[in-house]
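Read off the chains here:
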Amino acid sequence: MKREREQRPRRVTILGATGSIGRSTLAVIAEHPGRFEIEALTAHGKVGELARLARRHRARLAVIADPSRYGELREALAGSGIEAAAGEAALIAAAERPADWVMAAIVGAAGLAPTLAALRRGAIVALANKECLVSAGALFMAEVRRRGAVLLPVDSEHNAVFQALLGAELGDVEKIVLTASGGPFLGLSRRRMARVTPAEAVAHPNWRMGTKISVDSATMMNKGFEVIEAHHLFGLPETAIEVMVHPQSALHGLVLFRDGSMLAQLGPTDMRVPIASTLAWPERLSCSVERLDLLQLGRLEFLPPDPERFPALAIAREALIAGGAAPAVLNAANEVAVQAFLEKRIGFLDIAAIVADMLRTPLVAAPVGSLEEILAVDREARILTAERCAASNPSKVYGTRV
Ligand code: NAD
Ligand code: MG
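In this text the structure is predicted, and so the values were computed from the model without any measurement.

Rules of the game
Residues numbered from 1 in each chain as written. Chains lettered and ligands numbered in written order. Predicted model: local features only at pLDDT ≥ 70, side-chain atom pairs only at ≥ 80, totals over all residues. Heavy atoms only, no water. Near = heavy atom within 4 Å. Polar contact = N/O pair within 3.5 Å; in protein donor to acceptor, adjacent residues only side chain to side chain. Areas by Shrake-Rupley, 256 points an atom, 1.4 Å probe, with all protein chains shown as cover. Nonpolar A, V, L, I, M, F, W, Y, C, P; charged D, E, K, R; others polar. Patch = residues over 30% accessible without salt bridge, like charges linked within 9 Å, V, L, I, M, F, W, Y side chains within 5 Å. Salt bridge = Lys/Arg side-chain N within 4 Å of Asp/Glu carboxyl O. Helix = DSSP H or I, 4+ residues; strand = E, 2+ residues; numbered from the N terminus. Buried < 20%, exposed > 50% of the residue type's maximum accessible area, 1.4 Å probe, protein only. Phe/Tyr/Trp six-rings, centres within 6.5 Å; stacked < 30°, edge-to-face > 60°. Donors = N, O, S within 2.8 Å, 3.2 Å for Na, K, Ca; no water. Axes fitted to C-alpha atoms, helices over the stretch in contact; angles between N-to-C directions. Parallel < 35°, antiparallel > 145°, perpendicular 65-115°, else oblique. Left-handed = near helix turned anticlockwise from the far one by under 90°. Contact = heavy atoms within 4.5 Å. Pairing = 2+ DSSP bridges. Domains from an automatic or database assignment. Buried area = accessible area lost by both parts, 1.4 Å probe.

Participant: Explain the site of ligand 1 to me, using residue names and the numbers behind them.
Facilitator: Every one of the 23 residues lining ligand 1 counts as a neighbour, but T18, G19, S20, I21 and H44 are closest to it. At 2.9 Å, a backbone N or O of I21 approaches an oxygen atom of ligand 1. Taking 830 Å² as the accessible area of ligand 1 by itself, protein coverage stands at 85%. Its residues assigned to classes, the shell around ligand 1 comprises 13 nonpolar, 7 polar and 3 charged.

Structural data, given as structure tokens:
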């Protein structure tokens, strides 16, 4: 069945354009001259990079989140005819502009309000940001339904499941499987894990990503977040979402149907593949990434995750089952703990332990009916976690070097 190709170029906004996902999105767009037009590009603080991308891709608007950099941005865009804006409200205004398709690739809680703004006007939103569904999944999915928006998952595992589910009835799905590479510490003992350094934790074997998500892959908290996201995206109970360690990272996700059939998506470890699958959705685009060579790979392995060495996965599942504010607390606590680890203020194994402690605070019972309430829980959880991190003794982990 062939659909009519869109007559005019698709108008695109990229929230978080200077990041790893943002740049990959622009790389795919650059392969298709005339097919896309850039409405707005946003970034946090990299003014020079933002201005360069805005000029190169002829954006109508460039927004820098840090308001103190506004003058610099205006100067960098002088004579280009590109509008400049700055600050949090400008990020939301950028998401509200009439783009057909919005990439939500801001990292962290800062991505919530702009992404929600894009969904509220019924746009097609390609979602990379994890926090939207982890912290505010029920709210976001309700908004998608209410506004008739389309949410396309970009994260490789969810994108794989989304593709495998095309044309399927939810009632026919028995379970889905999200694969995990296992991260850089797959073969390490728990004793050795206690002493790993930030540099070791961010050296991911298969994917090149931002630092925070790389640490989350090393603890497997990232996979825990993905279980929560999958629950919201696909409307499946926690028990129907399985995680398997798959060190080759060739098969990203699969669906088991009730007749025993399994459909999987495979591809190279390059985010341009899932991004390309969403950019022209429901059409497919050509993409020049290197093809996955199965003959060269030879074999695919699958292992159960080890709960002793990767407790974060079970902690995230607990937060999903508890519901309410628990996933928002999980996310905020993890972000603060990861930052503390990156600054060598806590050890690697302390990340999951501290997050688990935060899930035992009364904060998990706080109301989360609105974005404001969720952001309040987020702020409070950060304060509590920072106090908990400050009480930790990193010299036990790193010896006298710290
Ligand atoms: P990144 O750190 O490379 O880029 C983040 C982007 O967000 C940058 O453009 C930055 O300027 C912007 N940003 C950061 N803080 C901001 C703030 N306070 N206000 C406004 N903008 C801000 O991150 P990334 O690897 O591109 O990941 C983006 C999101 O996608 C994350 O939530 C990540 O978990 C998710 N994700 C990434 C990958 C990947 O392979 N990189 C895969 C799956 C999901
Ligand atoms: Mg992923």
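Participant: Give a description of a nonpolar patch on the surface that names residues and reports values.
Facilitator: Where nonpolar side chains cluster on the molecular surface, the patch consists of L266, L294, L297, L300 and F302 and spans about 380 Å² of accessible area. Looking at where L294 falls in the secondary structure, it is placed in helix 13 (residues 294-297). Assessed through its relative accessible area of 46%, L294 is described here as partly exposed.

Participant: Could you give an account of the packing of aromatic side chains, naming the residues involved and the relevant values?
Facilitator: Inspection of the entire model under this criterion finds 2 aromatic pairs. Between F341 and F348, the ring centres sit 5.5 Å apart and the planes meet at 65°, which makes this aromatic pair edge-to-face. For the residue pair F341 and F348, the accessibility class agrees, reading buried in each case. An aromatic cluster is defined as three or more aromatic residues linked by ring pairs; in this entry it consists of F185, F341 and F348.

Participant: Run through the coordination of the magnesium ion (ligand 2), naming residues and quoting values.
Facilitator: Around the magnesium ion (ligand 2), the protein contributes the donor atoms D155 (OD), E157 (OE) and E226 (OE), at 2.1 to 2.2 Å from the metal centre. In the primary structure, the donors to the magnesium ion (ligand 2) are separated according to the pattern D-x1-E-x68-E. In this pair, D155 sits in the loop between strand 7 (150-153) and helix 7 (156-164) while E226 sits in helix 11 (residues 221-234), placing the two residues 71 residues apart along the sequence. The exposure class assigned to E226 is buried, which follows from its relative accessible area of 1%.

Participant: Please give an account of the packing of helix 7 against helix 11 that cites residues and values.
Facilitator: Where helix 7 contacts helix 11, the axes come no closer than 10 Å and their chain directions differ by 30°. Taken together, the axes of helix 7 and helix 11 lie roughly parallel to each other. Helix-helix and strand crossings are classified by hand; for helix 7 and helix 11 the assignment is right-handed. Taken together, the residues of helix 11 that come into contact with helix 7 (itself represented by E157, H158, V161 and F162) are K223, E226, E229, A230, L233 and F234. Grouping the amino acids of the contact of helix 7 with helix 11 by side-chain chemistry returns 5 nonpolar, 1 polar and 4 charged.

Participant: Give me the lowdown on the side chain of D378, citing residues and values where you can.
Facilitator: By secondary structure assignment, the location of D378 is in helix 17 (residues 371-390). In contact with D378, other than residues within four places in its own chain, are A109, N331 and A332.

Participant: Describe the packing of helix 5 (residues 112-120) against helix 6 (residues 131-147), and please don't skip the residues or the numbers.
Facilitator: At their nearest, the axes of helix 5 and helix 6 sit 10 Å apart, and the two run at 15° to each other. The angle between helix 5 and helix 6 falls in the class roughly parallel. Crossing geometry of helix 5 relative to helix 6 is assigned as right-handed. Within the contact between the two elements, helix 5 uses L112, T115, L116, L119 and R120 and helix 6 uses E131, C132, A136, L139, F140, E143, V144 and R147.

Participant: How would you explain the sheet that holds strand 7 if you had to name every residue and give the values?
Facilitator: Strand order in the open sheet formed by 7 strands is 4-3-2-1-5-6-7, and the pairing between neighbours is parallel. Since the sheet does not close on itself, it has two edges, and those belong to strand 4 (83-86) and strand 7, each with one partner. When strand polarity is set aside, the average angle formed by the axes of neighbouring strands in this sheet is 20°. The sheet contact formed by strand 5 (residues 101-104) and strand 6 (residues 124-127) spans 4 bridges and is parallel. Looking at strand 6, one finds that M103 is bridged to A126.

Participant: Help me get a handle on the domain arrangement of the protein chain, residues and values and all.
Facilitator: As a measure of interface size, the accessible area lost when the parts come together is often cited. With domains assigned, the protein chain is organised as domain 1 (10-153), domain 2 (155-268 + 292-313) and domain 3 (323-394). Just the C-alpha atoms count here: the centres of domain 1 and domain 2 sit 27 Å apart. With 13 residues of domain 1 at the contact, the number on the domain 2 side is 15 residues. When the two sides are added together, the surface that domain 1 and domain 2 hide from each other amounts to roughly 1,200 Å², 67% of it contributed by carbon and sulfur. For the domain 1 face of the interface with domain 2, the top three residues by lost area are K130, V134 and P153, together amounting to 54%. For the pair domain 1 and domain 2, the number of links is 3 salt bridges. Viewed at the interface, domain 2 and domain 1 are joined by 4 residue pairs in polar contact (both at pLDDT 80 or more). Secondary structure elements with two or more residues in the side of domain 1 that touches domain 2: helix 6 and strand 7. Of the residues forming the side of domain 1 that touches domain 2, the biggest block, 6 residues, is contributed by helix 6. Tallied by class, residues from the side of domain 1 that touches domain 2 come to 8 nonpolar, 3 polar and 2 charged.

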